Amino acid sequence: SGFVSEYQRRPVNYGSGYGNTLFLDPLVRQAILMTMDRDRIVNDLFRGLPTPGDSVLSTGFWHNDVAELPYDPADAKTMLLANGYEEGTGGVLQATADAYPVVMGWADEGDPLSFRLRAPDTDPTYDTVASDSPDFAILAGIELVYDGVTPENTMINIDWYKADYDIWVWAWYWSPEPLSNLAVWLTDQIKPGGNNCQMPMGPWWYSAENSS
């Protein structure tokens, strides 16, 4: 189980929504990851059955090989207090003039570290993780606002396309394509325009440049 976050500058150049621009601070993303007690999630919530999620905190490609961040909300809060955030209302930290997103003009002084948390309705385990998370995030001065599961179609076809979300609890993994995982293709059988689970692949998938 893990968090997926989206962020970008205001104003958005596509769609009609925007995520919380405090996510443009890598330390904020790191602090949120440090509020995830993977051992508790795996062993207490799910009886030791899942594989722990890893720390996705990329600086370039979406998922670099990184060391796992420890569960330490107190240290996460100390890090935020030392890097432009201060105590605000209800134990939620807020940005000061020295916070990186404020200095860069992406956020405003006084913006709280308060983020919408969403989980899809397709599996009860998502709700289990989402319901559990706010109690640990607030220990780092981070508020996660969770109002129950959201229809997955809404999350994908509205929130994602409009870039109008902050944090999701969702599975993220790779598996065989459902339309081809029972077949073996020869190279000369792979044609431009073949389908995967989302759309026609087109020449960008198979061409002279990548035929090997």
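Reading guide: rules and limits
Residues numbered from 1 in each chain as written. Predicted model: local features only at pLDDT ≥ 70, side-chain atom pairs only at ≥ 80, totals over all residues. Heavy atoms only, no water. 1 Å grid on protein atoms, 1.4 Å probe; cavity = no way out; pocket = protein on both sides within 12 Å on 5 of 7 lines; lining within 4 Å. Points joined across faces, edges and corners; volume = space filled by probe spheres on them. Helix = DSSP H or I, 4+ residues; strand = E, 2+ residues; numbered from the N terminus. Nonpolar A, V, L, I, M, F, W, Y, C, P; charged D, E, K, R; others polar. Buried < 20%, exposed > 50% of the residue type's maximum accessible area, 1.4 Å probe, protein only. Contact = heavy atoms within 4.5 Å. Polar contact = N/O pair within 3.5 Å; in protein donor to acceptor, adjacent residues only side chain to side chain. Core = buried A, V, L, I, M, F, W, Y, C linked by side-chain atoms within 4.5 Å.

**Some points on empty space enclosed by the protein**
A probe as big as a water molecule, rolled over the atoms, marks out the empty space that is left.
Then step 1. Scanning the entire structure with this criterion turns up 2 cavities of 30 Å³ or more.
Then step 2. Of the pockets and cavities examined, the largest cavity occupies roughly 90 Å³.
Then step 3. Counting residues per element, the ones that place at least two in the lining of the largest cavity are helix H2 (38-45) and helix H5 (124-132).
Then step 4. The class makeup of the residues in the lining of the largest cavity is 5 nonpolar, 2 polar and 3 charged.

**Considering the environment of Tyr146**
Then step 1. Mapped onto the elements of the fold, Tyr146 is located in strand E5 (residues 143-146).
Then step 2. Among the residues examined, Tyr146 registers a relative accessible area of 17% and is labelled buried.
Then step 3. Spatially, the C-alpha atoms of Tyr146 and Phe115 are 8.9 Å apart, while their sequence positions differ by 31 residues.
Then step 4. Once you skip the residues sitting within four places of it in the chain, Tyr146 turns out to touch Leu117, Arg118, Ala119, Asp127, Ala130, Ser131 and Pro134.
Then step 5. Of the polar contacts made by the side chain of Tyr146, one reaches the side chain of Asp127; its length is 2.5 Å.
Then step 6. From its side chain, Tyr146 meets the backbone nitrogen of Val149 in a polar contact 3.3 Å long.

**Considerations on the nonpolar core**
Then step 1. Val28, Leu80, Tyr85, Leu113, Phe115 and Ile142 are the most contacted members of the largest nonpolar core, which has 38 residues in total.
Then step 2. Of all the elements in the fold, those that place two or more residues in this core are helix H1 (26-33), helix H3 (73-81), strand E4 (114-118), H5, E5 and strand E6 (167-169).
Then step 3. If you tally residues by element for this core, the top one is H1, at 4 residues.

Structural measurements only, silent on function.
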